[in-house]
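Take a look at the letters that make up each chain.
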Amino acid sequence: MQPDSRGRAIHPPAPPSPFPLACLALLAGLTLSTPSASGAQQEWSWPERSENLQVLPADFPAERLSAVMRGFTRALGVRCSYCHVGEEGQPLSTFDFASDDNPKKDIARTMYRMLGVINDTLATIEPSGPAAVNMWCHTCHRGRPRPTTLDEELAEVHAEEGIDATITAYRQLRERFHGRGAFDFGEGTLNGFGYVLLGEGHAEDAIAIFRLNVEQYPESANAWDSLGEAYLAAGDRARAEEAYGKSLELDPENENAREKLAEIRGG
Ligand code: HEC
Ligand code: HEC
């Protein structure tokens, strides 16, 4: 069955505003636990005075800078060299951290300002619980530099490389990210994506996606119902009957499956 809504709100960017210092303290506080420090970091120490801070306060102390940078690194699932000028595997003493030559560094600054705007905006509403929920880099990024949703990711692969590569991509992403909150691997994602493909007239591809979903969620009556619908759209009445039958077996209350079965058997 179709998902109720696949709301994907897109808001225009708000003008930048300074990052609230309260949030900054939180950002530093939360990230204090140390991620795997590379051996190279032992020979290098955080600068007493940074040369080129534009979004953080110019006199930001070394230990807090360290917490923020480690936080960035973990939030995006990257290493220092992702945003800084330096070669992975080389000692950090060979890096030029003050340089702005790596364009990712300025993007990170833009993100930082954006986060400030978001948190300023959130501060204008009444919190839903005892404390306001803060937004962090990892609220969006969740361990990836490009925080796509699962269906965006699959749609991109599908558009560029077709259905087989899409199925492979799903399996690889699931293997790597399942349980990390990076993607929504619930049955609704493949179900929604399958309907997008069906709506675009790719019935065979939709079938492949719905089959993947029933493989992942063999006990889901809804996943089997969707598969039945795609088979019917593709004109495969025998397989549609099988899928709707399976759905009804799992959920005897599924009136849609019962009706479709009656239609298939009657006509
Ligand atoms: C997601 C991008 C990103 C990652 C990853 C990152 N940084 Fe940064 N780093 C920045 C940005 C942006 C600034 C500048 C902040 C500003 O303008 O206030 C900065 C500034 C610095 C500075 C101050 C340089 C100066 O003198 O002005 C140091 C030192 C630094 N980072 C070290 C590190 C280390 C070490 C790592 C890895 C543990 C790291 N960073 C990971 C984005 C990043
Ligand atoms: C509200 C969600 C959101 C928050 C919060 C957020 N980001 Fe992002 N970020 C994105 C999106 C979306 C993109 C991808 C933009 C694109 O390439 O289309 C992105 C892209 C980036 C990139 C470029 C990645 C690449 O490979 O080109 C960097 C670096 C980055 N973010 C750093 C940060 C840092 C550091 C923070 C915290 C200060 C942060 N982001 C907070 C949504 C967010």
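Quick note: structure is the one above.
This text gives an overview of the structure that appears in the document.

Here is what the cut-offs are and how they apply
Residues numbered from 1 in each chain as written. Chains lettered and ligands numbered in written order. Predicted model: local features only at pLDDT ≥ 70, side-chain atom pairs only at ≥ 80, totals over all residues. Heavy atoms only, no water. Near = heavy atom within 4 Å. Polar contact = N/O pair within 3.5 Å; in protein donor to acceptor, adjacent residues only side chain to side chain. Helix = DSSP H or I, 4+ residues; strand = E, 2+ residues; numbered from the N terminus. Nonpolar A, V, L, I, M, F, W, Y, C, P; charged D, E, K, R; others polar. Axes fitted to C-alpha atoms, helices over the stretch in contact; angles between N-to-C directions. Parallel < 35°, antiparallel > 145°, perpendicular 65-115°, else oblique. Left-handed = near helix turned anticlockwise from the far one by under 90°. Contact = heavy atoms within 4.5 Å. Donors = N, O, S within 2.8 Å, 3.2 Å for Na, K, Ca; no water. Tetrahedral: all angles 85-135°; square planar, octahedral: opposite > 155°, others 65-115°. Buried < 20%, exposed > 50% of the residue type's maximum accessible area, 1.4 Å probe, protein only. Salt bridge = Lys/Arg side-chain N within 4 Å of Asp/Glu carboxyl O.

### So, the site of ligand 1
And step 1. Taken together, 24 residues lie near ligand 1, and Met-69, Cys-80, Cys-83, His-84 and Arg-109 sit nearest.
And step 2. Take Gln-54: an N or O atom from its main chain is 2.7 Å from an oxygen atom of ligand 1.
And step 3. In the model, an oxygen atom of ligand 1 is placed 2.8 Å from a nitrogen or oxygen of the Leu-56 main chain.
And step 4. At the level of elements, α2 (62-76) and α3 (103-122) are the ones that each hand at least two residues to the shell around ligand 1.
And step 5. Class assignment of the residues belonging to the shell around ligand 1 gives a composition of 15 nonpolar, five polar and four charged.

### A short note on the packing of helix α10 (residues 237-250) against helix α11 (residues 255-266)
And step 1. Relative to each other, α10 and α11 sit at 150°, their axes nearing to 9 Å. Considering their axes alone, α10 and α11 lie roughly antiparallel with respect to each other. As α10 runs across α11, the sense of the crossing is left-handed. On the side of α10, the interface is formed by Arg-237, Ala-240, Glu-241, Tyr-244, Gly-245, Ser-247 and Leu-248, while α11 contributes Asn-256, Ala-257, Arg-258, Lys-260, Leu-261, Glu-263, Ile-264 and Arg-265.

### Observations concerning the coordination of the iron atom of ligand 2
And step 1. All of the protein donors around the iron atom of ligand 2 are Met-111 (SD) and His-141 (NE2); their distances to the metal are 2.0 to 2.3 Å.
And step 2. Around the iron atom of ligand 2, the six donor atoms sit at angles spanning 85 to 179°, and that spread fits a shape best called octahedral. Note that Met-111 is positioned in helix α3 and His-141 in helix α4 (residues 137-141), a separation of 30 residues in sequence.
And step 3. His-141 gets classed as buried once you look at its relative accessible area, which sits at 9%.

### A few points about the site of ligand 2
And step 1. The environment of ligand 2 is formed by 17 residues, the closest being Tyr-82, Met-111, Cys-137, Cys-140 and His-141.
And step 2. The side chain of Tyr-82 places a nitrogen or oxygen atom 2.3 Å from an oxygen atom of ligand 2.
And step 3. Elements supplying a minimum of two residues to the shell around ligand 2: α2, α3 and α4.
And step 4. With seven residues, the top contributor of residues to the shell around ligand 2 is α3.
And step 5. Its residues assigned to classes, the shell around ligand 2 comprises 15 nonpolar, one polar and one charged.

### Side note on the coordination of the iron atom of ligand 1
And step 1. Here the iron atom of ligand 1 is held by Met-69 (SD) and His-84 (NE2), and the distances to it run 2.0 to 2.3 Å.
And step 2. Metal-centred angles of 84 to 179° between the six donor atoms at the iron atom of ligand 1 mark the site as octahedral. Placement of Met-69 in helix α2 and of His-84 in the loop between α2 and α3 is noted, with a sequence separation of 15 residues between them.

### Notes on the packing of helix α5 (residues 150-161) against helix α6 (residues 163-177)
And step 1. Relative orientation of the contacting elements α5 and α6 amounts to 145°, with a least axis distance of 7 Å. Our pair here, α5 against α6, has a crossing hand that is right-handed. Contacts between α5 and α6 involve Leu-150, Glu-153, Leu-154, Val-157, His-158 and Glu-161 on the former and, on the latter, Ile-163, Ala-165, Thr-166, Ala-169, Tyr-170 and Leu-173.
And step 2. Its residues placed into classes, the contact of α5 with α6 shows eight nonpolar, two polar and two charged.

### With respect to the pattern of salt bridges
And step 1. If you walk through the whole model with that rule in mind, you get nine salt bridges.
And step 2. In this structure, Asp-106 engages Arg-109 in a salt bridge whose closest nitrogen and oxygen atoms are separated by 3.1 Å. Here the residue Asp-106 and the residue Arg-109 both occupy positions in helix α3, the gap between them amounting to three residues, near one helical turn.
And step 3. Assessed through its relative accessible area of 40%, Asp-106 is described here as partly exposed.
And step 4. A relative accessible area of 5% places Arg-109 in the buried class.
And step 5. Across the pair Arg-171 and Glu-215 runs a salt bridge whose closest N-O atoms are separated by 2.8 Å.

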